[in-house]
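# Commentary on secondary and tertiary structure
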Amino acid sequence: MDSKEVLDSSIRSASYNILLQIAFRIITFALNTFIIHYVDVAVLGLLNVRFYLLFSTILFVSREAFRRVCQSCSKRDDWRKVINLVWLTVISTIISACVFSWIWLNVLSWPEGELAEKYRSSVLAISFSCILESFFEPVYVFSQAFMYIKLRVVIDSLGMILRVLGMVITVYLAPQYAVEAGYFGQVGVSILYLCGFWSFFYYEFWRRKKNNEPELPIQSLSGFLPKFPAGEEVLDWHLVKLVWSFFLQGLAKQVLTEGEKYIMTITSFLTMAEQGVFDIVNNIGSIAVRFLLLPIEDAASFYFTKKLQRVPLEQQDEKAVAEASNVLFLLIRFMTLFGLSAVFLGVPIAKTVLALYGGETLTSSVGPFLMQLNCGLIFLLALNGVTEGYATATVSKAELDMNSFFMVCTSGVYIVSALCFVYLYSSPGLAMANAVTLCLRIARSCYLINKQYEGTPYSPLKNSFPKKWEIFALMLSFVLCSFVSYFVSSEPFLPTWSPLVSGVLCGLGVLWVIVVNEPESLDIVLSRLSFLPMRVQSTIRALTRQHQRAD
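Residues numbered from 1 in each chain as written. Predicted model: local features only at pLDDT ≥ 70, side-chain atom pairs only at ≥ 80, totals over all residues. Heavy atoms only, no water.

## A look at the packing of helix α3 (residues 80-106) against helix α5 (residues 137-145)
Running from amino to carboxyl end, α3 crosses α5 at an angle of 130°, the nearest separation of the two axes being 8 Å. In terms of orientation, α3 lies oblique with respect to α5. Note on packing geometry: the crossing formed by α3 with α5 is right-handed. Between α3 and α5, the contacting residues are Ile83, Val86, Trp87 and Thr89 on the first element and Glu137, Pro138 and Val141 on the second. Split into classes, the residues belonging to the contact of α3 with α5 amount to five nonpolar, one polar and one charged. (Axes fitted to C-alpha atoms, helices over the stretch in contact; angles between N-to-C directions. Helix = DSSP H or I, 4+ residues; strand = E, 2+ residues; numbered from the N terminus. Parallel < 35°, antiparallel > 145°, perpendicular 65-115°, else oblique. Left-handed = near helix turned anticlockwise from the far one by under 90°. Contact = heavy atoms within 4.5 Å. Nonpolar A, V, L, I, M, F, W, Y, C, P; charged D, E, K, R; others polar.)

Structure representation (structure tokens):
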């Protein structure tokens, strides 16, 4: 496989993964909407936090490092040592499942009431499903190394459909068995993975042999079994060292990625119901981040990586520096406006959104306050994504190493602050801890940007705050939405969705003010919307310029 084919396959793999993540988020969002009307929110806390964390922790510890190392071995002719190494995941999964299931059963606190009766069997079933999945690991690693991308997409999609259908049917017909549906569904998906991967390669080897296609390093299912020839080394010890290195690198990432769930699980500060509410609100708040912010951040990081080098700006092409500075300025302005819109429009209607989504179950607790804090986090995430992405893509190697150390320190700050805030304020404390660490990261990135542009005529951070008319429109929208929300809560004759409608209308007004006051940004956006007819683009530009002259 040449470099172009590898690049094309990698792009397809990344695209499929992104689509699967989006589909998973949408399905989870819809599934929670359905389940919350039939079962207690504590069930969601148990399934989406406690059991999910057990499953992801066992699999991460037992197989993640093996996958990262062995999937890069496609150029090897002799896969015997690689296969032997991958089979170690079975041993590591059995050990991890025993250790973590014991911790979940004997160290962590149990749920209360009826959930306690189902807790032990659920933990054992999830651990068993992890062990089942370890037995298709050699086939999976081989399929990814040789770019069988569609195989993974098909099986992942089937597994997602199987799990969701089982949960929906059970919750609708017998909601008291929702927990059983959760862990039986997971065992069923693991069996699907096990049978799917092995069956596919049984057919694939038969098909390639029949059609006389080029042989792969492994030509039959028996090639996936471990082999121990006399007088030869069983393992490639270079790969073993790489596995250990990747494991240590990924450990910190795992803790940070699932930090909130670890804190909720290890500490006894939050009940299962509070964990369920937090998970639901967090999923709602992450929609804007997943669908809008992350694509913009990835595109911006790629642009700055290609445009600038990791050397002082004085040594680079002045035209490239000027363009990058202007793009950074516009991105910061746009992300600031987006984040402030989330705050000024989202905070007043947060309770309405939760009421329409989950009813009194979410609005009678700390749900509305959590949702308002998530609106503030969107502002910080929007600003941090661009500034940190730029700094990471363009700073010198020395600054990048210092930034890695800074991130480790920030992680420690997050853990300490999260424990303190959760103890004082319950689940909102997790959002507060996130806000603290995001503020530190933004400050660090702004410092690096200012330092980089010292001695140049450019200053992308200067005047990047929104203009006065934009701030006025946001404040007016906040007041109007707050009044509507107040009257809905005090006057029952108003529809409950009135604040949401007012938020949409005010959002359109704010968008118009931004369009009028940001002609340069408008030109950039319109130039990317090639599907719009030129007449429509010209009309939009003419209307905004006419309005500017009138002002």
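## A word on the nonpolar core
In this structure, Phe51, Trp104, Ile280 and Leu430 are the most contacted members of the largest nonpolar core, which totals 58 residues. The leading source of residues in this core is helix α2 (residues 41-70), at 13 residues. Sequence-distant contacts of Trp104, that is, excluding residues within four places in its chain, are made with Arg50, Leu53, Leu54, Trp110, Tyr119, Val123 and Thr265. Cys70, Phe201, Phe205 and Leu235 belong to the second largest nonpolar core, which has 34 residues in total. (Core = buried A, V, L, I, M, F, W, Y, C linked by side-chain atoms within 4.5 Å. Buried < 20%, exposed > 50% of the residue type's maximum accessible area, 1.4 Å probe, protein only.)

## Remarks on the packing of aromatic side chains
Aromatic ring pairs are described here by two measures, namely the spacing of the ring centres and the angle between the planes. The full count for this structure, using the stated rule, is 26 aromatic pairs. Measuring from ring centre to ring centre gives 5.2 Å for Phe200 and Phe201, while their planes differ by 90°; the resulting arrangement is edge-to-face. Note on Phe201: relative accessible area 0%, which makes it buried. For the ring pair Trp469 and Phe472, a centre distance of 5.9 Å and an interplane angle of 90° mean the geometry is edge-to-face. A residue pair is termed a helical-turn pair when its members lie 3 or 4 positions apart in one helix, as Trp469 and Phe472 do in helix α16 (residues 468-490) at three residues. Using a relative accessible area of 46% as the deciding quantity, one classes Phe472 as partly exposed. Lying across the ring of Tyr140, Arg67 places its NZ or CZ 3.7 Å from the centre. Directly above the aromatic system of Phe406 lies the positively charged group of Arg444, at a separation of 5.6 Å from the ring centroid. (Phe/Tyr/Trp six-rings, centres within 6.5 Å; stacked < 30°, edge-to-face > 60°. Lys NZ or Arg CZ within 6 Å of the ring centre and 35° of its normal.)

## As for helix α7 (residues 178-210)
Between its terminal C-alpha atoms α7 stretches 47 Å, which fits the 48 Å expected from 33 residues at 1.5 Å a residue. After α7 finishes, the residue Asn212 shows a positive phi value of roughly 55°. (Expected span 1.5 Å × (residues − 1).)

## Regarding helix α9 (residues 259-266)
When you tally the buried positions in α9, you get seven out of eight residues, the bulk of the element. Those residues of α9 lying buried are Gly259, Glu260, Lys261, Tyr262, Ile263, Met264 and Thr265.

## Side note on the pattern of salt bridges
Enumeration over the complete set of coordinates arrives at nine salt bridges. One salt bridge in this structure joins Glu137 and Arg67, with 2.4 Å as the shortest N-O distance. One end of the pair, Glu137, is in helix α5; the other, Arg67, is in helix α2, and 70 residues separate them in sequence. Between Arg208 and Glu204 there is a salt bridge; the shortest N-O distance is 3.4 Å. Of this pair, Arg208 and Glu204 both sit in helix α7, four residues apart, roughly one helical turn. A relative accessible area of 16% means that Arg208 is categorised as buried. Here the residues in one salt-bridge network are Arg63, Arg67, Glu133 and Glu137, joined through shared partners. (Salt bridge = Lys/Arg side-chain N within 4 Å of Asp/Glu carboxyl O.)

## Regarding the environment of Gly429
Locating Gly429 in the fold gives a position in helix α15 (residues 428-452). Assessed through its relative accessible area of 0%, Gly429 is described here as buried. Each C-alpha atom of the pair Gly429 and Leu373 lies 9.8 Å from the other, and the pair is 56 residues apart in sequence. Once residues lying within four places of it in the same chain are set aside, the contact partners of Gly429 are Phe421 and Val422.

## Re the environment of Ala342
For Ala342, the location among the structural elements is in helix α11 (residues 318-358). Each C-alpha atom, one on Ala342 and one on Gly376, is 7.3 Å from the other, the two residues being 34 residues apart in sequence.

## Some details on unusual backbone geometry
Phi is positive for Ser426, which is not a glycine, with a value near 65°. Structurally, Ser426 is set in the loop between α14 (397-425) and α15.

## Examining the confidence of the model for the protein chain
Across the protein chain, the average pLDDT comes to 79, with 84% of residues at or above 70. The weakest mean pLDDT in the protein chain belongs to helix α19 (residues 534-550) at 51; the strongest belongs to helix α4 (residues 114-134) at 91. Here residues 1-7 is a poorly scored stretch, pLDDT under 50, and it has three contacts once near neighbours within four places are set aside; other chains count. Long-range and interchain partners of residues 528-532, a stretch whose pLDDT sits below 50, account for three contacts in this model, where long-range means more than four residues apart. (pLDDT = per-residue confidence, 0-100.)

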